[in-house]
Amino acid sequence: DSATLTLSQLRPPQQAIVQRVRDADPQLLRYLSEMGLKPEAHVKILDYSPFDDNLHLKIEGNEEAVVLGPSVTSQVYVELTE
């Protein structure tokens, strides 16, 4: 199932659509929603840091690129768009 990929598994220059966010933590959901990381959002992976597994990504509708660590990216399920 293509929607079982997590954001943490992606590498540059992959692009994906957010399918769902694991919703165990309401604060995390709110944080992600504020930056535009919610279902149907398109994301593009810009950079990956192998030392701490941080991803630099561009979220559709958000001017700033964001850096997210594995504790966040492992909670976001995506489907590749390419």
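What you see is a predicted model, and the numbers here were worked out from it, not measured in a lab.

(A) Just the overall build of the protein, in detail. Counting its regular elements, the protein contains 2 helices and 6 strands. For the protein, the α and β elements follow one another from N to C terminus as β-β-α-β-β-β-α-β. Referenced to the eigenvectors of the C-alpha coordinate spread, the extents of the protein come out at roughly 30 × 25 × 25 Å. Per-residue burial for the protein yields a buried fraction of 38% across its 82 residues. Within the protein, contacts between residues at least 6 apart in sequence are counted, and of these 60% link residues at least 24 apart. Within the structure as shown, the protein displays about 4,900 Å² of accessible surface, and the carbon and sulfur contribution to it stands at 48%. Averaging the positions of the 7 positive and the 13 negative side-chain charges in the protein gives two centres separated by 2 Å.

(B) Spatial organisation of the pairing of strand β3 (residues 42-49). Two elements, strand β2 (residues 15-21) and β3, share 3 bridges in a ladder whose sense is antiparallel. When the sheet's bridge partners are listed, Gln15 is paired in β3 with Lys44. Summarising the sheet, β3 and strand β4 (residues 54-59) pair through 6 bridges and their orientation is antiparallel. Residue Lys44 lies in a different strand from β4, and its bridge partner there is Lys58. Once β3 ends, the chain turns through 4 residues before running back antiparallel as β4, passing Asp53 with a positive phi of about 65°.

(C) Up close: the sheet that holds β3. Pairing is antiparallel in the open sheet, where 6 strands are placed in the order β1-β6-β2-β3-β4-β5. Of all the strands in the sheet, just β1 (5-6) and β5 (66-68) have a single pairing partner and so form its edges.

(D) Up close: unusual backbone geometry. Of note, the bond from Pro12 into Pro13 is cis; its omega dihedral lies within 30 degrees of zero at 0°. With respect to the helices and strands, Pro13 occurs in the loop between β1 and β2. A positive phi is found at Glu40, a non-glycine position, where the angle reads about 80°. On the basis of relative accessible area, Glu40 is assigned to the exposed category, the value being 59%. One non-glycine residue, Asp53, lies in the positive phi region at around 65°. Within the fold, Asp53 resides in the loop between β3 and β4.

(E) Molecular detail of the packing of aromatic side chains. One pass over the full model with this rule turns up 0 aromatic pairs. Arg11 extends its terminal NZ or CZ atom over the ring of Tyr48, reaching a point 3.6 Å from the ring centre.

Rules used in this analysis
- Residues numbered from 1 in each chain as written.
- Predicted model: local features only at pLDDT ≥ 70, side-chain atom pairs only at ≥ 80, totals over all residues.
- Heavy atoms only, no water.
- Helix = DSSP H or I, 4+ residues; strand = E, 2+ residues; numbered from the N terminus.
- Buried < 20%, exposed > 50% of the residue type's maximum accessible area, 1.4 Å probe, protein only.
- Contact = heavy atoms within 4.5 Å.
- Areas by Shrake-Rupley, 256 points an atom, 1.4 Å probe, with all protein chains shown as cover.
- Lys, Arg positive; Asp, Glu negative; His and termini not counted.
- Charge placed at Lys NZ, Arg CZ, Asp CG, Glu CD.
- Pairing = 2+ DSSP bridges.
- Phe/Tyr/Trp six-rings, centres within 6.5 Å; stacked < 30°, edge-to-face > 60°.
- Lys NZ or Arg CZ within 6 Å of the ring centre and 35° of its normal.

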